[in-house]
Amino acid sequence: MTELIRTAIPGLLAWYRVNKREMPWRDTPDFWKVWVSEIMLQQTQVETVRPYFTEFISKFPDVHSLARAEEQEVLKAWEGLGYYTRARNLQKAARKVSAEMNGQLPKSFSRLLDLPGLGPYSAAAIASIVFKEPVPAVDGNVLRVFTRLTELGDDISRPQTRTLVFGILSDVISGFPPGDFNQAMMELGAIVCKPRQPDCPVCPLNRICASHKNGTQLRFPVKKKAAVKPHHLIGVGICMREGKVLIAKRHEKQMLAGLWEFPGGKIENGETEEECILREMREETGLTVELVRKIAKTDHAFTHFSITLNAWLCNWVSGEAQPLSGSEIRWILPEELDDYPFPKANKVIIKEFRSAVK
DNA sequence: AATCCGGGGCA
DNA sequence: TGCCCAGGATT
């Protein structure tokens, strides 16, 4: 099988040279740009990453500048991109490289794996693109291309399957330019061998593709069905006191760590939105508040659950604000909201809040 | 090996 | 609106 695939690789590389998309991190000798882009590209599509990447590189043009930065500044630059531990791990790794490795990245796949935030995919991508090490970068695109090519019916969510594909592609890659091979496979998955509407007539691998021959493209890749996501109703209080608004910072170990939010929480069984917010404000901040009016309702989907946020404007009544749930709590001016990193779900709330207090 | 972390595209 | 997509860390 390895040999059959190898016969088609020159055609794949020729296709790549002609069809590859322009990207600001592509074909650069700067390892920092490749590294940052590979972290941003985890779970995230090219077009989403593009504007974030440009902005991030202008703020943090090299590994040392990110190492020196405040974590809050890094999270602010990442705001809206999601998976915020990526940003925190990238900075941890940048600090290590800056302080302990003389600003140089480890030059092998296996040692890259030791840096926080670099797993098998990202380490292979960097090792192959920057250091020309012949190691396959197996991402979701590559798994789709490979399982269709070979009609491999193993569940791609299993680590075993990834190990199998990694092993076969390790043989396939030898003798070809490793960075181009990996990027060509991923680019093919992204723009031709797409999940729903594969464009087989223009595919450089169609001559050897089992799925194309048998019309089974949409059966691959095989993966086990995701569990049904629970849905939660959330009450959120935007509390005002003397023109200032109350925000809380989330704990280090929590989901969305280091980001800020308005106090709130799950609406319990038998509880109204209003009761929930009064209770949550007391539990999370120690404050007694009065509700003014509802200003926003917004849905948000996380990986394993979804939420509906119900946001109410409130007035402070009594008590001193304490960080009972998060790591910090602050009264800030509405115009200062821009200085703090918030999770995406808060965008609508902040927008409605601005028009409400205007 | 199984589970936990966002958020966007598309039908 | 519901379904699909998907690397790394943690346990």
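Just so it is clear, the model here is predicted, and its values are computed rather than measured.

1. Considerations on the protein's contact with DNA strand C
- Surveying the vicinity of DNA strand C reveals 20 residues, the closest of which are Q43, G117, G119, S122 and G140.
- Each atom of DNA strand C within 4 Å of the protein was classed as base or backbone; sugar and phosphate made up 69%.
- A distance of 2.7 Å separates a base nitrogen of DNA strand C from a polar side-chain atom of Q43.
- At 2.7 Å, a backbone N or O of G140 approaches a phosphate oxygen of DNA strand C.
- Contributing elements (two or more residues each) for the surface near DNA strand C: α8 (120–131) and α9 (140–150).

2. Let's talk about the layout of surface pockets
- Its volume calculated, the largest pocket comes out at about 1600 Å³.
- Considering only residue class, the lining of the largest pocket consists of 20 nonpolar, 15 polar and 15 charged.
- The volume enclosed by the second largest pocket comes to roughly 830 Å³.
- Around the second largest pocket, the lining comprises 27 residues; the ones closest to its centre are Y83, A301, F302, T303 and H304.
- Of all the secondary-structure elements, those providing two or more residues to the lining of the second largest pocket are α6 (84–100) and β5 (288–301).

3. Topic: the environment of D154
- Its location among the elements puts D154 in the loop between α9 and α10 (159–173).
- Setting aside residues up to four positions removed in sequence, D154 forms contacts with T161, L164 and V222.

4. A word on unusual backbone geometry
- Of the consecutive residues F220 and P221, the connecting peptide bond is found in the cis state with omega at -5°.
- With respect to the element layout, P221 can be found in the loop between α12 (210–214) and β1 (231–241).
- Phi angles above zero are rare outside glycine, and Q43 is one such case at about 65°.
- Considering the arrangement of structural elements, one finds Q43 in the loop between α2 (31–40) and α3 (46–59).
- At E151, a position not held by glycine, the phi torsion is positive, near 50°.
- Take E151: it is sitting in the loop between α9 and α10.

Rules used throughout
- The residue count restarts for each chain, going from 1 along the sequence in the order it is written.
- For this description, chains carry letters from A and ligands carry numbers from 1, given in the order in which they are written.
- Selection of residues for local features in this predicted model requires a pLDDT of at least 70, selection of side-chain atom pairs for listing and counting requires 80 or more, and totals for whole chains, interfaces and linings are taken over all residues.
- Excluded from the side-chain calculations are hydrogens and water; all other atoms, namely the structure's heavy atoms, are used.
- Any residue with a heavy atom positioned within 4 Å of a molecule or strand is treated as near that molecule or strand.
- Polar contacts, as used here, are pairs of N or O atoms within 3.5 Å; protein pairs need one atom able to donate a hydrogen and one able to accept it. Residues neighboring in sequence count only if both atoms are side-chain atoms.
- Every helix listed is a DSSP run of H or I at least four residues long, and every strand listed is a run of E at least two residues long, numbered separately from the N terminus.
- In the cavity and pocket records, a cavity denotes points on a 1 Å grid over the protein atoms alone where a 1.4 Å probe fits but cannot get out, a pocket denotes an open set with protein on both sides within 12 Å along at least 5 of 7 lines, and lining residues are residues with an atom within 4 Å of a point.
- Grid points are joined across faces, edges and corners, and a volume is the space filled by probe spheres set on the points.
- Throughout, the ten residues Ala, Val, Leu, Ile, Met, Phe, Trp, Tyr, Cys and Pro are labelled nonpolar, Asp, Glu, Lys and Arg are labelled charged, and all others, Gly among them, are labelled polar.
- Contacts are assigned to residue pairs with any non-hydrogen atoms lying within 4.5 Å of each other.

Geometric values such as these leave the question of function open.
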